[in-house]
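Reading the structure
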Amino acid sequence: MKDSFGRDVEYMRISVTDRCNLRCKYCMPEDLPDIPHPEILRYEEILRVCAAATRLGIRNFRVTGGEPLVRRGCVDFIRKLGELPGVGKLMLTTNGVSLERCVPELVEIGIDSVNISLDALDRENYRMITGYDVFADVYRGIMAALAAGLRVKLNCVAMRGVNEEQLLPIAKLAARHPLDVRFIESMPIGAGKGFDPVTGKEIVALLEKHFPGLEEDRERRGFGPAAYYMHKDLLGRIGVIDAVSHGFCESCNRIRLTSDGLLKTCLYYSETVDLKPILRRGGDDSALEMAIREAVAHKKEKHLFHEDRQEAEGRKMSQIGG
């Protein structure tokens, strides 16, 4: 499925909840009003949207949140999603707090990869960032996923004055374990506007200093925009997602479904298409497909993170399923 700029849209991120069991770096709990439960899409409604998307050529799905594993029945939902005709890759993004207990079922389902948020490798720094002393739980989840043979990617948002000293220790995990580490520039969304991001260029310079001979890996490793690097001492790869300083809009291949039924085509813009009226007021599948087509047709050419404009997204990251 192509948008009006000729980009292939092949990937949907699905937020199943806006709730989390950690203090998100992009939205503190006191700043985040709960979405009333009736406004959250039922799993059956999300599956209907995904089925319509596959008929249009969007076949790869990532389940996210908030924290998806805090929603009851999430793993069973992932199973049903994977059973839909036409589904290709099936992925999960989690903070890892509840991952360990879910690993056996995720293996049985055949999930293709698990992304785990990890902004610090030091227990105290992790507690400072998240507000909770649960680093041990997260680390056990990572190790359990690796032991079970799941493909694991670690996501670290690099924030100046917050976790700069943690970047190299986290990068070195790719030398000890067969996993990918991705460093993400902090985006000016929600509370993220208050952070000073460590740029992708700075991160690459740090990596080159400690891994002399670091080379860019041209192999495609999923559906994300990360530029990956390889080195003889690494079992995995190290990636950099420099969405703010560099951008990758010319190859953007994704749309997002929020937990309350809004179809969102760019993190920067507040513009959405509300699918809930179609789902709950008798709209048929052709109306649902038409709404998805319309959203993709109006996908913007590029974000404007460096500008403070009226059409910029004002909600928190967990509300939009970043």
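All values derive from a computational prediction rather than experimental measurement.

What follows concerns the nonpolar core. Within the largest apolar cluster, 83 residues are counted, with the highest numbers of intra-cluster contacts made by Met 12, Ile 78, Leu 81 and Phe 183. For this core, the element with the highest residue contribution is helix α1 (residues 43-55), accounting for 8 residues. For Leu 81, the contacting residues outside a window of four places in its chain are Ile 14, Leu 47, Cys 50, Phe 61, Val 63, Val 87 and Leu 90. Counting residues in each nonpolar core, the second largest holds 6 residues, with Val 157, Met 159, Ala 226 and Tyr 228 among its members.

Quick look at the sheet that holds strand β10 (residues 254-257) now. What the 12 strands build is an open sheet, ordered β7-β8-β9-β6-β5-β4-β3-β2-β1-β10-β11-β12; its pairing is mixed. The open sheet has two free edges, formed respectively by β7 (215-217) and β12 (272-274), since each of these has just one partner strand. Adjacent strand axes in the sheet meet at a mean angle of 25°, parallel and antiparallel pairs treated alike. Where β7 lies against strand β8 (residues 227-230), 3 bridges are found, and the strand directions are antiparallel. Across the sheet, the residue bridging to Glu 215 is Met 230, located in β8.

To continue, consider the environment of Asn 125. Here Asn 125 lies in helix α4 (residues 123-130). Classification of Asn 125 as buried rests on a relative accessible area of 15%. The spatial distance from the C-alpha of Asn 125 to the C-alpha of Phe 135 is 9.5 Å, given a sequence separation of 10 residues. For Asn 125, the residues in contact, after removing those within four places along its chain, are Ala 120, Val 162, Asn 163 and Gln 166.

What counts, and where the lines are drawn
- Residues numbered from 1 in each chain as written.
- Predicted model: local features only at pLDDT ≥ 70, side-chain atom pairs only at ≥ 80, totals over all residues.
- Heavy atoms only, no water.
- Core = buried A, V, L, I, M, F, W, Y, C linked by side-chain atoms within 4.5 Å.
- Buried < 20%, exposed > 50% of the residue type's maximum accessible area, 1.4 Å probe, protein only.
- Helix = DSSP H or I, 4+ residues; strand = E, 2+ residues; numbered from the N terminus.
- Contact = heavy atoms within 4.5 Å.
- Pairing = 2+ DSSP bridges.
- Axes fitted to C-alpha atoms, helices over the stretch in contact; angles between N-to-C directions.

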